[in-house]
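Coordinate analysis (summary)
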Amino acid sequence: MNLLDFARGPALKVAMAIFCLGVTWRILAFALLRIRRDMNRPRASVLKFLGGGLLTVGSRSWPHREFIGRTGAGEALGYSYHIGLFALVLLFTPHILFLGSLFGVTWPGVPSSLITVISVLTLTLFLAVLFRRVTNPVMRMLSNFDDYFSWFITMLVMVTGLAATAHFGAPYETLLAVHILSVDMLLVWFPFGKLMHAFYIFPSRALNGALLARKGATS
Amino acid sequence: MSDTSGVLTANLAPAEARSPEARVAGAMSGFAREIGALSAFRLESCIHCGICADACHFYIATEDPQYTPIWKVEPFKQAYKRESSAFAPLFRLLGLKHEVKADQLGQWQHLLFDSCNMCGRCSLICPMGIDVAALIEQARHAMFDAGLAPKELYEKAAHQQVTGQPEASAEPYRDQLLAIGARFEVDIPLDKSDVEVMLCVPRSDIEHYPGAVASLARVMRHLGVSCTFRSDALIAENYGYYAGGKEWQREISRRLIDQAIACKAKILLVPECGHAYAALRWEAADLYGKPLPFKVLQVTEFLADELKAGRLKLGAAATGAVTFQDPCESARKGGVNEAPRALMKAMSLDLHEMKNHGGFSFCCGGGGGVLDIERAAPLRYRTMESKLREIDETGAKTFLTSCSDCRRTFDDAQAHFTWNKTPQSLLELVAANLIGAAAPP
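1. Digging into the overall build of chain A
- When helices and strands are tallied, chain A shows nine helices and zero strands.
- Helices (α) and strands (β) of chain A occur, in sequence order from the N terminus, as α-α-α-α-α-α-α-α-α.
- With the C-alpha coordinates of chain A rotated into their principal frame, the extents come out at 65 × 40 × 35 Å.
- In chain A, buried positions account for 43% of the 219 residues.
- Considering only intrachain contacts with a sequence separation of at least 6, the fraction spanning at least 24 residues in chain A is 68%.
- With the model as given, the accessible surface of chain A reaches about 11,800 Å², and the carbon-plus-sulfur share is 76%.
- In chain A, 19 positive and 8 negative side-chain charges are present, and the distance between their average locations comes to 16 Å.

Next comes the structure, spelled out in C-alpha cells:
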C-alpha cells in the first residue's frame with residue numbers, strides 16, 4: 001500500500017469514523033444536560049416563536065444597522081473566506097467526484113483556473129483573518145489553542161490542495177496523498193474544536209431567536 | 001480589577017465553615033452541573049470572534065478588551081468544559097482546562113457586576129445568535145454562590161428577602177405610601193381583596209419620585225379599575241435578581257405572587273421599573289415552579305391596551321420636542337417597545353428618537369445593579385458620556401423614560417456632569433394629560 005492508498009483508504013475511513021462519532025457525541029451530550037421548561041406566559045404565538053427563530057437564522061448573517069459601522073468590515077472578512085472555502089470544496093471537479101462517490105450525487109464544477117484564483121484569494125483572506133486575530137486586542141484575548149489549531153489545519157488543507165493542483169515540489173501522487181492526509185487530520189480534529197460551529201450556527205441562531213421572539217424581545 | 005477584600009467573608013453565612021477556595025470550587029462545580037442544555041449550547045457555540053464587544057458600552061467607552069461580554073463568562077466556560085462538556089474527561093485527563101480558583105474568580109466580580117448592566121445589547125450582535133446576557137445572568141448566580149456578589153447588592157438582597165424592602169426606611173413604606181396619597185390628594189387603594197389589578201411600586205419612587213406613585217394611583221382611579229396595593233408586598237424591585245441570589249430572588253418574587261393570589265388579582269401591574277418587569281414577567285413563574293395564575297403587565301403596556309380599547313383618552317401634552325429612554329429590561333429584553341410610543345403618540349408628542357433607540361438603545365448605565373455599586377461610579381460615568389451625547393443630539397427639550405432606575409441614574413448624571421436635562425416619567429405625563437371625568441368609585 002502506497003501513501004496515497006493509505007491516505008484515501010484506511011486513514012480516511014478512520015478519520016470519517018472519528019468525525020461521525022465525535023460530532024454525534026458532541027451533539028448528543030447536550031441531551032444529557034437538563035432541559036428547563038419555561039413556565040412564564042409567552043408573549044408570542046407558536047407561529048411567531050417559530051418565525052422568530054427562522055428570521056434570526058437569516059438576520060444574523062449580517063450586522064444590524066446599529067452595529068455595521070463597528071463590525072461590518074470584520075464580518076465581511078469572515079464571510080468572504082467562508083464563501084471561498086465552500087467554493088473550493090463544492091465547485092472543484094475532483095472534490096465533486098469524491099463527494100459523488102460518498103453521496104451518489106454530482107454537479108458541474110468550475111474550470112480549474114478559476115479554482116486556482118479562488119484558492120489564492122481564500123488563502124490571502126485566511127492570512128488576513130490570522131493577522132486580525134493576533135492584532136485585534138479583543139480577539140487575541142479570547143483566542144486559545146483551538147482557534148489557532150483550527151486555523152492551521154484548515155490552512156494546511158488549502159495549501160496542500162493548491163500544491164497538488166499546481167503539481168508543486170513533488171510528484172502529483174505524493175502531493176495528493178499529503179492533501180488527503182491533511183483532510184483526514186481535519187476530520188479527526190473537527191469534533192474536538194471550534195470547527196463544530198458548522199453544525200451549531202443555524203440551530204444556535206434559530207433557538208436563541210425563537211426564545212427572544214417568545215418574549216417579543218429584540219433579536 | 002476590583003478590590004474584593006472582605007466580600008467573601010461578608011457573604012458567608014455564620015454557619016458556613018468552608019474556606020473561600022472550597023466555596024468557589026463548590027459554586028463552579030454547581031454551575032457546571034446545573035448549567036442546562038441551553039446554556040451549554042450557548043457556551044459551545046462561541047467562535048471567539050469578539051464581535052459582542054462592539055455592542056457593549058463599557059467596551060466602546062474604554063476600548064478595554066476585558067469588557068468583551070463573552071469574556072465575562074470565561075471562567076464559567078472553563079468550568080463547564082472541565083466538568084460537564086462532551087469531552088470533559090479528556091480535558092481533565094490532559095489538564096487542558098484547569099479548575100477555577102478563588103483569586104481568578106474574584107477578579108471577575110468587576111467584570112460581571114461593576115461593568116455589566118445585564119442590558120442584553122450584546123445578545124443582538126452575535127453572528128452565532130448567542131444570548132450572551134442570559135449566560136451572564138447565570139454566571140452571576142454562581143458568583144453569588146461563591147460568595148462574590150458585591151457587598152451593596154448582597155446586603156440589599158439579604159434585607160429584602162427577609163423584610164420585603166431592600167433597605168431599612170425611616171418610616172414604613174406603607175405609611176409613606178399613604179402620606180403620598182394625602183400629599184397629592186389621590187386615593188391610595190390598600191389591602192383590598194377581589195380586585196382586577198394588584199399594584200406595586202419601586203422603592204425609589206416612594207423615596208425620590210412620589211409623583212410617579214401618585215400618578216399610578218390617579219390613572220387607575222381615572223380608569224375605574226379595581227386595584228390595590230398590598231402592605232405585605234409593596235416593593236417591585238428584586239435585589240435577588242441583581243445580586244445573583246436565585247433563592248432570594250424566588251422569595252422576593254413569591255411575596256408579590258402570594259399577595260396577588262390572596263387578593264385574587266387578574267393582573268400584577270409592574271410599575272416603571274425595568275428589572276422588576278424582567279424578574280416578574282420572565283423569571284418568576286420558573287422560580288415559583290408553575291405558571292402564574294395572573295398576567296404580569298408593565299404599566300405602559302397596560303395603559304396602551306386601555307388606549308386601544310378606548311377606555312383611556314389622552315390630551316395633547318405641551319412638552320415641546322421629547323426623547324425617550326427605552327429601559328433595557330422591559331424594552332429590548334422584555335418586548336415592551338410599542339406601548340410607550342403608542343402613549344406618546346396619543347399625547348401628540350413630538351418624539352425625536354435617539355440614534356440608538358428601541359431594542360438597540362444603550363443602557364442608562366445604572367442597570368444590573370451597577371448604580372448601587374459605589375466603586376463602579378467612575379466607570380459608569382465614563383460609559384454614560386456617549387449616552388448623554390445621544391440624548392443631547394436629539395435636540396429634545398423633554399427627556400422621558402419609563403424606569404425608575406434609569407431616572408435615578410440620569411439624575412445622578414445630571415449632578416455629576418452638570419447636565420441640563422431632568423428625566424421625567426412617562427406615567428406622570430400620562431396622568432397629567434388624562435381626558436374626561438374619572439370613572440365613578
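From this point, the narrative continues.
2. Describing the sheet that holds strand E7 (residues 398-401) of chain B
Residues and elements named next belong to chain B.
- Pairing in this open sheet of four strands is parallel, and the strands run E6-E5-E7-E8 from one edge to the other. Of all the strands in the sheet, the pair left with one neighbour each is strand E6 (350-351) and strand E8 (423-425).
- Contacts between helix H18 (residues 338-346) and the sheet are confined to strand E5 (321-325), E6 and E7, with E5 contributing the most and set at about 165 degrees to the helix.

3. Description of the packing of aromatic side chains
- Taken as a whole and judged by the stated rule, the model has 26 aromatic pairs over all chains.
- Aromatic side chains Phe399(B) and Phe410(B) sit 4.8 Å apart centroid to centroid with 85 degrees between the ring planes, which places their arrangement in the edge-to-face category. Linking Phe399(B) in strand E7 with Phe410(B) in helix H20 (residues 404-417), this pair joins segments that are eleven residues apart in sequence.
- Through successive ring pairs, a cluster of aromatic residues spans Phe145(A), Phe149(A), Phe152(A) and Trp189(A).
- The residue whose ring lies beneath Arg281(B) is Trp282(B), and the NZ or CZ to ring-centre distance is 3.9 Å.
- The side chain of Arg407(B) reaches across the aromatic face of Tyr209(B), ending 3.9 Å from its centre.

What counts, and where the lines are drawn
- Residues numbered from 1 in each chain as written.
- Chains lettered and ligands numbered in written order.
- Predicted model: local features only at pLDDT ≥ 70, side-chain atom pairs only at ≥ 80, totals over all residues.
- Heavy atoms only, no water.
- Helix = DSSP H or I, 4+ residues; strand = E, 2+ residues; numbered from the N terminus.
- Buried < 20%, exposed > 50% of the residue type's maximum accessible area, 1.4 Å probe, protein only.
- Contact = heavy atoms within 4.5 Å.
- Areas by Shrake-Rupley, 256 points an atom, 1.4 Å probe, with all protein chains shown as cover.
- Lys, Arg positive; Asp, Glu negative; His and termini not counted.
- Charge placed at Lys NZ, Arg CZ, Asp CG, Glu CD.
- Pairing = 2+ DSSP bridges.
- Axes fitted to C-alpha atoms, helices over the stretch in contact; angles between N-to-C directions.
- Phe/Tyr/Trp six-rings, centres within 6.5 Å; stacked < 30°, edge-to-face > 60°.
- Lys NZ or Arg CZ within 6 Å of the ring centre and 35° of its normal.

Structural measurements only, silent on function.
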